[in-house]
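Below are the chains, spelled out letter by letter.
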Amino acid sequence: MNVMDIFETMEYGPAPEAASTVQSWLQEHQQFRLFIGNRWVEPASGKYMESTNPATNKALVQVASANSDDVDAAVSAARKAFKTWSKTPDHVRARYLYALARTIQKHARFLSVLESLDNGKSIRETRDIDIPLVARHFYYHAGWAQLMGRELSGYEPLGVVGQIIPWNFPLLMLAWKIAPAIAMGNTVVLKPARYTPLTALKFAEIIQEAGLPAGVINIVTGEASQVGDALVKHPDVNKIAFTGSTDVGRSIRRATAGSGKKLSLELGGKSPFIVFDDADLDSVVEGVVDAIWFNQGQVCCAGSRLLVQENIAERLFSKLRARMEKLRLGDPLDKAIDIGAIVSPAQLQEITRLVAQGEAEGAEKWQPSWACPTEGSFFPPTLFTNVTPASTIAQIEIFGPVLVAMTFRTPAEAVELANNTRYGLAASIWSENINLALDIAPKVKAGSVWINCTNVFDASSGFGGYRESGFGREGGKEGLYEYIRPAWSGSKSVSKARQPQVASEEREESTLSEVNPPAIDRTPKLFIGGKQARPDSGYSLRVIGANGSLIGEVGEGNRKDIRNAVEAAHAASKWASGTTHNRAQILYYIAENMAAREDEFARRIAQQTGCGHVEAVKEVQASLSRLFSYAAWADKFEGTIHRPPMRGVVLAMHEQIGVIGMACPDEYPLLGFVSLVAPAIAMGNTVVVIPSPKAPLSATDCYQIFETSDVPAGVINIVTGERDALSKVLAEHDDVEACWYFGSEEGSRMVEHASAGNMKRTWVNYGAQRDWLSPLQGEGEEFLRASIQVKNIWVPYGE
Ligand code: NAD
Ligand code: MN
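Per an unreviewed UniProt entry, the recorded name for the chain is Aldehyde dehydrogenase, and the organism is Ktedonospora formicarum. Under the UniProt heading Sequence similarities (unreviewed entry), the entry covering the chain gives this text: "Belongs to the aldehyde dehydrogenase family."

J.: Can you walk me through the overall build of the chain in this structure?
T.: A count of helices and strands for the chain gives 31 helices and 32 strands. Relative to the globule expectation of 28 Å for 799 residues, the C-alpha radius of gyration of the chain, 28 Å, shows essentially globular dimensions. Counting only C-alpha atoms, the chain reaches 105 × 60 × 45 Å along its principal axes. Across the 799 residues in the chain, those meeting the buried criterion constitute 60%.

J.: I tried to follow the coordination of the manganese ion (ligand 2) on my own but got confused; where do I start?
T.: The reference angle at a metal is 109.5 degrees if four donors form a tetrahedron and 90 or 180 degrees if six donors form an octahedron. Coordination of the manganese ion (ligand 2) by the protein involves Thr 52 (O), Asp 118 (O), Asp 118 (OD) and Tyr 195 (O), with metal-donor separations of 2.2 to 2.4 Å. Binding-site remark: the manganese ion (ligand 2) is held by donors from one chain whose sequence spacing is T-x65-D-x76-Y. Highlighted residues: Thr 52 in strand E4 (residues 48-53) and Asp 118 in helix H5 (residues 108-119), separated in sequence by 66 residues. Take Thr 52: its relative accessible area is 27%, and that puts it in the partly exposed class.

J.: Where do I start with the packing of helix H11 (residues 281-293) against helix H12 (residues 313-326) in this structure?
T.: Helix-helix packing: each pair is described by the crossing angle between the helix axes and the interaxial distance. Across the interface, H11 lies against H12 with an axial gap of 10 Å and an inter-helix angle of 60°. Compared by their axis directions, H11 and H12 come out oblique. Crossing angle aside, the handedness with which H11 passes H12 is right-handed. Contacts between H11 and H12 involve Leu 281, Asp 282, Val 284, Val 285, Glu 286, Val 288, Val 289 and Trp 293 from the first element and Arg 315, Leu 316, Lys 319, Leu 320, Arg 323 and Met 324 from the second. A breakdown of the residues in the contact of H11 with H12 according to their chemical character gives 9 nonpolar, no polar and 5 charged.

J.: Sorry, what's going on with the site of ligand 1 here?
T.: Taken together, 24 residues sit near ligand 1, with Ile 165, Lys 191, Ser 245, Leu 267 and Glu 397 positioned nearest. Interatomic distance of 3.0 Å between a side-chain N/O atom of Trp 167 and an oxygen atom of ligand 1. Between ligand 1 and Gly 244 there is a distance of 3.2 Å, counted from an oxygen atom to a backbone nitrogen or oxygen. Taking 850 Å² as the accessible area of ligand 1 by itself, protein coverage stands at 86%. Where the shell around ligand 1 is concerned, the elements lending two or more residues are helix H9 (224-233) and strand E10 (239-243).

J.: Could you clarify how one ought to interpret the packing of aromatic side chains in this entry?
T.: Aromatic ring pairs are reported here in terms of the distance separating the ring centres and the angle at which the planes meet. Under the defined criterion, the tally for this structure stands at 28 aromatic pairs. Plain terms: the ring middles of Tyr 630 and Trp 633 are 5.6 Å apart, the flat faces sit at 40° to each other, and that makes the pair tilted. One end of the pair, Tyr 630, and the other, Trp 633, are both in helix H24 (residues 613-634), 3 residues apart, so they sit about a helical turn from each other. Three or more aromatic residues link up through ring pairs in this structure, and these residues are Trp 25, Phe 32, Phe 35, Trp 40 and Phe 110. A cation over an aromatic ring shows up here: Lys 239 above the ring of Tyr 483, its NZ or CZ 4.8 Å from the ring centre. Between Arg 785 and the ring centre of Tyr 481, over which it is positioned, the NZ or CZ distance is 3.5 Å.

J.: How should I be thinking about the pairing of strand E32 (residues 788-796) in this particular structure?
T.: Taken residue by residue, a regular strand's side chains alternate between the two faces of the sheet. Summarising burial for E32: 8 of the 9 residues are buried, a large majority. Across 3 bridges, strand E18 (residues 448-451) lies against E32 in parallel orientation. Within E32, the position partnered with Trp 450 by the bridge is Trp 794. Where strand E26 (residues 648-656) and E32 come together, 9 bridges link them in antiparallel fashion. The residue of E32 that forms the bridge with His 654 is Val 790.

J.: Just checking my understanding: could you explain the UniProt feature "active site" (unreviewed entry) in the chain for this structure?
T.: Feature annotation in UniProt places "active site" (unreviewed entry) on Glu 266, given in this structure's numbering. Following the sequence through the fold, Glu 266 ends up in strand E11 (residues 262-266). Apart from residues lying up to four places away in sequence, Glu 266 is in contact with Phe 242, Thr 243, Gly 244, Phe 463, Gly 464, Gly 465, Ser 469, Gly 472, Arg 473 and Glu 474.

J.: So what exactly am I meant to see when it comes to the nonpolar core here?
T.: Nonpolar side chains tend toward joint burial in soluble globular proteins. In terms of nonpolar packing, the biggest core is built from 113 residues, with Phe 138, Phe 203, Val 275, Trp 293 and Leu 306 touching the most fellow members. Ignoring anything within four residues of it in the chain, the contact list for Phe 138 reads Leu 97, Leu 100, Ala 101, Ile 104, Ala 175, Ile 178, Ala 179 and Phe 203. Of all hydrophobic cores here, the second largest spans 62 residues; its members include Ala 591, Ala 631, Leu 676 and Val 689.

J.: Even after reading the chapter, I still don't get helix H15 (residues 411-418), so can you show me in this structure?
T.: Given 3.6 residues per turn, any residue in an α-helix points the same way as the ones three and four places further on. Those residues of H15 that fall on the buried side of the exposure criterion are Ala 414, Val 415, Leu 417 and Ala 418. Here the buried residues of H15 occupy an arc of 165° about the axis, which is enough to place them on one side. The outward face of H15, more than 90 degrees from its buried face, is lined by the exposed residues Ala 412 and Glu 416. Where H15 is buried, its residues touch strand E12 (271-275), strand E13 (303-309), strand E16 (402-408) and helix H16 (434-440).

J.: Please explain the sheet that holds E13 as it appears in this structure.
T.: Pairing between sheet strands relies on hydrogen bonds along the backbone, with the strands arranged either parallel or antiparallel. Taken in spatial order, the 10 strands of this open sheet run E14-E15-E16-E13-E12-E17-E18-E32-E26-E25, and their pairing is mixed. Each end of this open sheet is capped by a strand with a single partner; those strands are strand E14 (364-366) and strand E25 (639-642). The mean inter-strand angle of the sheet, taken between neighbouring strand axes irrespective of direction, is 20°. Inspection of the sheet shows E12 paired to strand E17 (residues 426-430) by 3 bridges, in the parallel sense. Across the sheet, Phe 273 pairs through a bridge with Ser 428, a residue of E17.

J.: How should I be thinking about the UniProt feature "domain: Aldehyde dehydrogenase" (unreviewed entry) in the chain in this particular structure?
T.: Feature annotation in UniProt assigns "domain: Aldehyde dehydrogenase" (unreviewed entry) to the following positions: residues 40-485 and 546-769. Within the segment residues 546-769, helix and strand shares are 47% and 18% respectively, and the terminal C-alpha atoms sit 19 Å apart.

J.: What should I look at first to understand the confidence of the model for the chain in this one?
T.: The predicted structure's coordinates, where accompanied by low pLDDT, should not be read in detail. Looking at the chain, pLDDT values average 95 and 96% of them are 70 or higher. Across residues 501-513, confidence stays below pLDDT 50; counting only partners more than four residues off in sequence or on other chains, it has 19 contacts.

J.: Just to check I follow, could you spell out the pairing of strand E5 (residues 58-64) for this structure?
T.: Alignment of strand E1 (residues 31-32) against E5, held across 2 bridges, turns out to be parallel. By the bridge assignment for E5, Phe 32 is matched with Val 63. Both E4 and E5 contribute to a ladder of 6 bridges, which runs antiparallel. When the sheet's bridge partners are listed, Ser 51 is paired in E5 with Val 61. Hairpin connection from E4 to E5: 4 residues lie between these consecutive antiparallel strands, with Asn 57 at a positive phi of about 60°.

J.: Quick question: what am I supposed to make of unusual backbone geometry here?
T.: Negative phi characterises most residues that are not glycine, and trans characterises most peptide bonds. One non-glycine residue, Gln 296, lies in the positive phi region at around 60°. Residue placement: Gln 296 occurs in the loop between H11 and E13. Take Gln 296: its relative accessible area is 0%, and that puts it in the buried class. A positive phi is found at Asn 386, a non-glycine position, where the angle reads about 60°. Following the sequence through the fold, Asn 386 ends up in the loop between strand E15 (382-385) and helix H14 (392-395).

J.: Can you walk me through the sheet that holds E4 in this structure?
T.: Judged by pairing direction, the sheet is mixed, and its 3 strands sit side by side in the order E1-E5-E4 without closing on themselves. The open sheet terminates on both sides in strands that have one partner only, identified here as E1 and E4. The sheet contacts of H5 involve E4 and E5, and relative to E4 the element is tilted by about 100°. Its contacts with the sheet place helix H8 (residues 198-210) against E1, E4 and E5, and it is angled at close to 50° to E5.

J.: Mind showing me how you'd approach the packing of helix H4 (residues 90-106) against helix H6 (residues 123-151) here?
T.: Here H4 crosses H6 at 170°, and the two axes come no closer than 7 Å. As judged from the angle between their axes, H4 and H6 are roughly antiparallel. Of the residues in H6, those touching H4 at Asp 90, His 91, Arg 93, Ala 94, Leu 97, Tyr 98, Leu 100, Ala 101, Arg 102, Ile 104 and Gln 105 are Ile 131, Val 134, Ala 135, Phe 138, Tyr 139, His 141, Ala 142, Ala 145, Gln 146, Leu 147, Met 148 and Gly 149. The class makeup of the residues in the contact of H4 with H6 is 15 nonpolar, 5 polar and 3 charged.

Parameters and conventions
Residues numbered from 1 in each chain as written. Chains lettered and ligands numbered in written order. Predicted model: local features only at pLDDT ≥ 70, side-chain atom pairs only at ≥ 80, totals over all residues. Heavy atoms only, no water. UniProt positions renumbered as here; feature names shortened; annotations may be inferred. Helix = DSSP H or I, 4+ residues; strand = E, 2+ residues; numbered from the N terminus. Rg over C-alpha atoms; globule rule 2.2 N^0.38 Å. Buried < 20%, exposed > 50% of the residue type's maximum accessible area, 1.4 Å probe, protein only. Donors = N, O, S within 2.8 Å, 3.2 Å for Na, K, Ca; no water. Axes fitted to C-alpha atoms, helices over the stretch in contact; angles between N-to-C directions. Parallel < 35°, antiparallel > 145°, perpendicular 65-115°, else oblique. Left-handed = near helix turned anticlockwise from the far one by under 90°. Contact = heavy atoms within 4.5 Å. Nonpolar A, V, L, I, M, F, W, Y, C, P; charged D, E, K, R; others polar. Near = heavy atom within 4 Å. Polar contact = N/O pair within 3.5 Å; in protein donor to acceptor, adjacent residues only side chain to side chain. Areas by Shrake-Rupley, 256 points an atom, 1.4 Å probe, with all protein chains shown as cover. Phe/Tyr/Trp six-rings, centres within 6.5 Å; stacked < 30°, edge-to-face > 60°. Lys NZ or Arg CZ within 6 Å of the ring centre and 35° of its normal. Pairing = 2+ DSSP bridges. Core = buried A, V, L, I, M, F, W, Y, C linked by side-chain atoms within 4.5 Å. Arc of directions from axis to C-beta. pLDDT = per-residue confidence, 0-100.

Put into structure tokens, the structure is as follows:
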């Protein structure tokens, strides 16, 4: 080709990034050992495995294949380091994070090339997106380390954290995991993905260069069945942070159930990309390129479902096809290419299989006319039209450069289609009408919503899923809570909680004979959908007072009653769209009506627990104060506005979770109940509550209060009965979005295990008690955060 030809065709020539520095680094190493306690150690098995270059399918280098002995060594190095790292002053930790950020920037070009080689993603993306975001993450968290004492006083680090990351953004996922963990004073054992360990190993050298103390970060390469499994089950690991597929996430949820390990899961997605007919279609086309062809579509939050308003669909599809024809695919190190290689032959095969299935199911496939390189793992950008919403390719995460398109007519239909998935990671909304876009954003169930933009990330703005996309956030202040706990909960003498049975002298002071009604004149029913409902079983349970005599009966709820209650709670979901002012008013109203019956409620508490009248009154008053607290918070625990490096804002909204099932503690029959229900409804959730089976009457006494306090039907539903049996039904229920459990250790394990079905969020006490009277333990942010999930809505502006 001569200059004239090029002038005619305007063809790009190849513009490869030089890889020689990285190649010679790989050659020097040949074999990478494990990074434990800042030293390179031989794997116990003596075994190594290859990491390959997906663009050629040729081996790059060998890395150690660790087993559980190596994991033991890494965990004990991290444990040892935790003793000093957790006590290291904020400013000193901040300095280390800052040093890591600086050192990463110094090696930015090297890291970009290495990431491209090992993963197959384009150098344009590693250089302009991955690595800058990695550095930004460490800078941002250097700031949180500096501010921890002031901004998070009363919290402490968890201990040793096990972190497991996927192959699609190897170094970025490492940064998302490690930066917040060490900023908050934890120490880390990290397992990189099997296909892409190399930038993590270069990062180990950066750790040495930055002079981080030994054992704060340990990097253990190996197979999931060895390293991943050992980390998840390790008794001395305090938390698992996982990013990967939903299936593996589910198995980790089950494996850690009841262990007391804190868990955050960032899982898969099938995110909608919604285009309204007034959108700027040329911008939309570029948006689609970034949504589904970014990183070969191997992006958990890829906009893989294109939902287009019917009247513009054909116009958009033809523009898209024209653009696809011009996309450049090839050598990832070529600075002029758009699409690189698929991470592995196995992944390529899976994409190929799903695309064939899409065709077999009748969807129309379109691919550009140009051919892919035959060496290496490549797959062309692919568009499916004529897709039915229930078909495999519309439901399953393909994790490749494959876009499936569907059409809608009305905004309501768009929302319905968008939410027609078990996932909830992200969504993009395209419209020139900001009113429409901002109306749709809260209706889409997703952790990140991008308006007229897509796949934008920043350390300041949390990222994470709704529903089966997992729970927990990475980035933002909310991400820090994944790595800390209230300091009181870590101490051995956990609380001065009142025990269900109390001292006999106290019992004497109460006038039990007086308060015992002579006969049982009334059996409270269940409270479902604003009505008192007879239990399905027709049976009732006897409630025995502290002095051993029968003090009442309550309905024996069963599976069917729980299902009815969940249905009623769902039907009341309008509660969330009402004003926060209105929710506050209703909480005040409940308090007002309860205060009018203070004495009666106190007697009931004394009767059930055997505590003295004075103490019982204290519990009622604490309950009133708690209702006031959450009425106050209803319009104050609202969210934040972030200013990431772009023209625009990110609205970090606190959204309700949905239907929360909750089992109340035995100690403090009224206060325990109020402490759980009030924050949940204040934040817009609706609840199904199982009162303490030992002392259910304080909750059932509230029926009339709710009826007379304007609480809309279905917002609070109460099913009395056996705590664990009913909690199991709630934990397994697919229409319950979160489950709180305050009961036994065994029951806690059961709830965590059973919750894995729809990956609902859980909050359990592992059988430990808390002092519900103390505002530190019994109310506040911990309860509010459990009642919300953060949705980050990205709103760029400027013409
Ligand atoms: P994967 O779940 O197979 O593997 C993820 C990591 O977990 C790897 O390090 C793997 O070795 C390890 N692992 C696998 N099985 C394990 C087990 N039983 N116990 C412990 N560890 C185990 O996923 P993948 O194929 O590497 O990554 C692709 C998936 O990750 C996609 O589904 C994608 O949506 C998801 N992802 C999610 C996010 C997010 O932030 N939500 C980000 C990136 C990727
Ligand atoms: Mn590789």
